[in-house]
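Here are the chains, one letter per residue:
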Amino acid sequence: MQVKVVIGTIAFMLTMIILGFAALREPARLEEFTLAYEGRSIENGARLFQNNCATCHGVNGKAEECYDSAGNVVGCKGLPLNTASLLCGDKPSRMVTLGWEGTKGNFVQNTIAAGRVGTVMPTWSAQFGGPMRDDQVGDVAAFVLNWESDAMCGVEAVVFEWPDSVDDFLADYAGDAANGEGLFLTYACSGCHGDLGTAGSNAVGPWLGEIAVIGGDRIAGTSAAQYVYESILHPNDFIAPDCPNGPCLSPSAMPPNFAERMSANPQDLADILSLLLGE
Amino acid sequence: MTTFFDQVKEMGLKQAAIAKVDEAAERITAGMNVGDIRSALRGDEPRRPNPRLRPHADSFWFHIRPSFYHTEVTHIYPTFRLGWLSTFMFVWETITGIILMVFYTPSPSAAYSNMWNILSNVPLGQLFRNMHRIGAEVMVLVVALHMLRTFITGSYKKPRQFTWATGMILLVLTLLLSFSGYLLPWDQLAYWALTVFLSGAEAAPAPAAVNSNILLILQGAPSLGAGGLLRWYLFHVLLMPLILGIFFFVHYYKVVLHGFSLPPGREEIGEDTAKRVPRTERTYFMPDIFTSELMWTAVTTLLLVAGALWFWDAPLEHHADPIVTPLHVVAPWYLSWSQGWLKLADKTLVVGFIPLLMVSFIVMPYFEVGKSRRYADRRLGLSVAFLFMAVMFISNWMGSPEYRVEGSPEMEVIQEILPGEGAGTMLAVPYEYLTPGTYSPGQEIPGNPYLTRALEEYQAAMGRHSCTLQGNPELDKCKSEGTGRYSNNSRNTAMLDPISTLTIEEIQPNLSTLTLRFEATGVDLDWTSWRHADSNYEEECRFVNKDC
Ligand code: HEM
């Protein structure tokens, strides 16, 4: 019996030592698992993004490279998400533009969950009739937010002062229509406005093949060039009458941030203008 | 009755305190004072009247235990402590389970994140989860072995038939308890194992009215969801433990009533002398059996804690998703045999046969009435038992993923090195060693042992599912450039002439894609997994039960 008492006591003490060892390691382990949980959430989000979002926002979130389900290149209908204006700082400029209070994480997550009314950005959360569970919405949001990087946010955002008059602008930048054709695709204008050579190829916005002519009639006293210029920089200032699915909605489904996106390369706008206006 | 104060006046503080402690000890042990406890521990003869018998009369927990055992049944043989161990495991599961319950909500929107919360936010949470899960498996094993031993020693024979019958019910309850707990993490593993099993219930050979309602009863809805989770949770934490507790007391009452059966050779054939214990052959519960049980408690606890901390990790896959069927749905090993049977016979037949088998086990002692418990007289019975066990082992193997219809070869390669669930070889490579680039199977990366090892496994998997690399003249080229082809046709499911590569690309800060590319006759596939720097798949791989 003495042997049993000894064995039992030793076993008990060893158990206590092991538990003590485990307890000491515990804070570090909890930290590791917290990070692992976030890491795996981002991984899940990456898969969801690839399957659901890349068709509109592009495979790398820059709204540059979009494929349909069959793998054909299509115009990107969504905004770039992998961009400083959405991700940098506590209050990225997109939040300011849209007047959103609260945190950045909240902004992104809620936008994904609820979609954007009046735009083609769908509702995703099952709560609002979308296809995703809440944890999945959280996962994609974590993935989108993970694009934030020092390389992207370290550089000062370039702010270009767009002149009021298109003539002043074109005085400094001479357009190149041939280059504009490529830009019309990469800025995803074609995703909504279709192919300039084919009337009726437009999916969301008006067909722009004849905008050089009709643009001048939109607003009395405004030239076609000035009108197109403003339409791109401030889509909401004037809503075009006819969209493919009936009257165009207000607020405009056209992304309002081209002014910002083209700030670094104002030449791009000059090229697109040259393409649309045929000069 | 004098007060403590009076006693102090009478005998002085020291004596009064000693008397008080003595009194307290006597109350707590229901009869033994400090002197009695010390003498018992020293192994002295008890005084008269024997104070060590008093707890058996006065205290609840001791009164359900016998006051002495036949010395013959206190050795490892014949019980192997297996009945005791079953009881211990049940208590163990209850304690660890109650702790986990505190952090768990039975709802599809919360359950899975609760598991991660237990892992990442509850101190010792991972340990408790592992202890509960390892405990569940050990309990099944121990109960099954206990059944085996009572069969082998012929302890089910008259007068212990009813003990055996209640034992069978305990076995079924143990399996159900273990399996109902399986669902609660609400991950893919859980969800699909249960879905497959419940679909079996639908095939039961019963009137259509029963079959069409059985799923409704078992999961509250046509498919497994919130209602089903709640039901299985309640089964698991309330109904089953309650019934198991009740049957345990009936079982144990019968065990004490008839006494532990002596080793078969110790009795005349047809006699049961377990209750007639000569004075010289008695081993008293207090202190011998009690000390022994305390020792076993300490030792088993030590083993389980160490096992849960270092050797055995409870799995947690992705969130349950009714739309995404995993490549292989795996049943827990203790039910694998039924999956094996499903591969052999019609579903309805199997689902009908299992309850029949259970009932025949329960009533077996009432029909198998051979008088002798001795091994030599029971050759037929023992042979049948071992035959049955062999059949169960084979069925179990047939039910395991080892024995299955192979998927397409490229999917098998993926399953082996970059599976959709679990860590696997590739994800277990530490993030800093996942240098972006394109690699071929078997390529050697200088200064990068982790990736090199993973690529070796990759090559081995490609070899298993496309070709035997031995004698392949392009092997070296294949290794060095990744452009060579494996050519072989050793099995008819193999890929013909495949080229395969692994591409690692960092697509976000701290996030890489691992893409396996397969090009072969009739195969053109890219398979991508994502790997975050913090995901810590390495941690899983330090456990023995994880395959990576
Ligand atoms: C939760 C499950 C079970 C518990 C907690 C349990 C507990 C016990 C205990 C404590 C004993 C005392 C003897 C010993 O330690 O071997 C015992 C004896 C016995 N058990 Fe179980 N048991 C369980 C399951 C079973 C099963 C599955 C069977 C067989 C189908 C069974 C059949 C018996 C028989 C026949 C005895 C009498 C053995 C003898 O007198 O030598 N029990 N059980």
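Residues numbered from 1 in each chain as written. Chains lettered and ligands numbered in written order. Predicted model: local features only at pLDDT ≥ 70, side-chain atom pairs only at ≥ 80, totals over all residues. Heavy atoms only, no water.

**Focus on the domain arrangement of chain A**
For chain A, the assigned domains read domain 1 (2–41), domain 2 (57–153) and domain 3 (166–277). Centre-to-centre separation of domain 1 of chain A and domain 2 of chain A, based on C-alpha positions: 42 Å. (Domains from an automatic or database assignment.)

**Some details on the state of the cysteines**
Residue and element names in this part refer to chain A. This model, assessed by the stated rule, comprises 3 disulfides over all chains. The residue that forms a disulfide with Cys88 is Cys153, at a sulfur-sulfur distance of 1.9 Å. Torsion about the S-S bond of the Cys88 and Cys153 cystine: about -80°, corresponding to left-handed handedness. In this pair, Cys88 sits in the loop between helix H3 (84–87) and helix H4 (93–97) while Cys153 sits in helix H7 (residues 150–154), placing the two residues 65 residues apart along the sequence. Residue classification places Cys153 among the partly exposed residues on the basis of a relative accessible area of 26%. The disulfide partner of Cys243 is Cys248, and the S-S distance across this bridge is 2.1 Å. Taking the sign of the S-S torsion, 100° for the link of Cys243 and Cys248, the bridge is right-handed. (Disulfide = S-S within 2.5 Å. Helix = DSSP H or I, 4+ residues; strand = E, 2+ residues; numbered from the N terminus. Buried < 20%, exposed > 50% of the residue type's maximum accessible area, 1.4 Å probe, protein only.)

**A word on the domain arrangement of chain B**
One frequent convention defines the size of an interface as the accessible area lost when the parts assemble. Residues and elements named next belong to chain B. Along its sequence, chain B is organised into domain 1 (4–58), domain 2 (76–270 + 282–326) and domain 3 (409–547). Averaged C-alpha coordinates put domain 2 and domain 3 at centres separated by 39 Å. Between domain 2 and domain 3, the residue contacts involve 13 residues of the former and 9 residues of the latter. Contact between domain 2 and domain 3 buries roughly 850 Å² in total, counting both sides, with carbon and sulfur atoms accounting for 43%. Connecting domain 2 to domain 3 are 1 salt bridge. The partner of Lys546 in a salt bridge is Asp313, with the nearest N and O atoms 3.1 Å apart. Taken together, domain 2 and domain 3 are joined by 6 residue pairs in polar contact (both at pLDDT 80 or more). Taken together, the elements giving at least two residues each to the side of domain 2 that touches domain 3 come down to helix H9 (125–152) and helix H14 (285–311). For the side of domain 2 that touches domain 3, the element with the highest residue contribution is H14, accounting for 4 residues. Per-class residue counts for the side of domain 2 that touches domain 3 are 7 nonpolar, 4 polar and 2 charged. (Contact = heavy atoms within 4.5 Å. Buried area = accessible area lost by both parts, 1.4 Å probe. Salt bridge = Lys/Arg side-chain N within 4 Å of Asp/Glu carboxyl O. Polar contact = N/O pair within 3.5 Å; in protein donor to acceptor, adjacent residues only side chain to side chain. Nonpolar A, V, L, I, M, F, W, Y, C, P; charged D, E, K, R; others polar.)

**Concerning the side chain of Ser190 of chain A**
Residue and element names in this part refer to chain A. Position of Ser190 among the secondary structure elements: in helix H10 (residues 189–193). According to the relative accessible area criterion, Ser190 is buried, its value standing at 18%. Filtering out sequence-adjacent residues up to four positions away, Ser190 remains in contact with Gly75, Phe184 and Leu185.

**Some details on empty space enclosed by the protein**
Tallied over the full model, the rule gives 1 cavity of 30 Å³ or more. If you add up the space inside the largest cavity, you get close to 160 Å³. If you trace the largest cavity, you find 16 residues lining it, with Phe33 of chain A together with Trp116, Leu119, Asp313 and Glu540 of chain B closest to the centre. At the level of secondary structure, the elements contributing two or more residues to the lining of the largest cavity comprise helix H1 (2–52) of chain A together with helix H8 (111–121), H9 and helix H22 (537–541) of chain B. (1 Å grid on protein atoms, 1.4 Å probe; cavity = no way out; pocket = protein on both sides within 12 Å on 5 of 7 lines; lining within 4 Å. Points joined across faces, edges and corners; volume = space filled by probe spheres on them.)

**Considerations on the coordination of the iron atom of the ligand**
All names here are of chain B. The protein atoms that coordinate the iron atom of the ligand are His146 (NE2) and His251 (NE2), at distances of 2.0 to 2.1 Å. Angles of 85 to 178° at the metal separate the 6 donor atoms of the iron atom of the ligand, which places the site in the octahedral class. Of the two residues, His146 sits in helix H9 while His251 sits in helix H13 (residues 226–258), which places them 105 residues apart along the sequence. Both residues of the pair, His146 and His251, count as buried. (Donors = N, O, S within 2.8 Å, 3.2 Å for Na, K, Ca; no water. Tetrahedral: all angles 85-135°; square planar, octahedral: opposite > 155°, others 65-115°.)

**Points about the packing of aromatic side chains**
Residue and element names in this part refer to chain A. Tallied over the full model, the rule gives 38 aromatic pairs over all chains. On the numbers, 6.1 Å between centres and 75° between planes, the contact of Tyr187 with Phe258 is edge-to-face. Taken together, the residues span a long stretch of sequence, with Tyr187 in the loop between helix H9 (177–186) and H10 and Phe258 in helix H13 (residues 258–261) at a distance of 71 residues. Take Tyr187: its relative accessible area is 10%, and that puts it in the buried class. Relative accessible area serves as the criterion here: at 6%, Phe258 is assigned to the buried category. An aromatic cluster of three or more residues is present, and its members are Phe160, Trp162, Phe169, Tyr173 and Tyr229. (Phe/Tyr/Trp six-rings, centres within 6.5 Å; stacked < 30°, edge-to-face > 60°.)

**Let's talk about the sheet that holds strand S3 (residues 437–439) of chain B**
Taken in spatial order, the 4 strands line up as S3-S4-S5-S6 (chain B) in an open sheet, and their pairing is antiparallel. With partners counted over all chains shown, the strands left at the sheet margins are S3 and strand S6 (523–532) of chain B, one partner each. Between one strand axis and the next, the sheet turns through 20° on average, direction left out of account. Inspection of the sheet shows strand S5 (residues 511–520) of chain B paired to S6 of chain B by 10 bridges, in the antiparallel sense. Bridged to Thr513 of chain B within S6 of chain B is Trp530 of chain B. Against the sheet, H1 of chain A engages strand S4 (499–508), S5 and S6 of chain B, with an angle of about 145° to S6 of chain B. (Pairing = 2+ DSSP bridges. Axes fitted to C-alpha atoms, helices over the stretch in contact; angles between N-to-C directions.)

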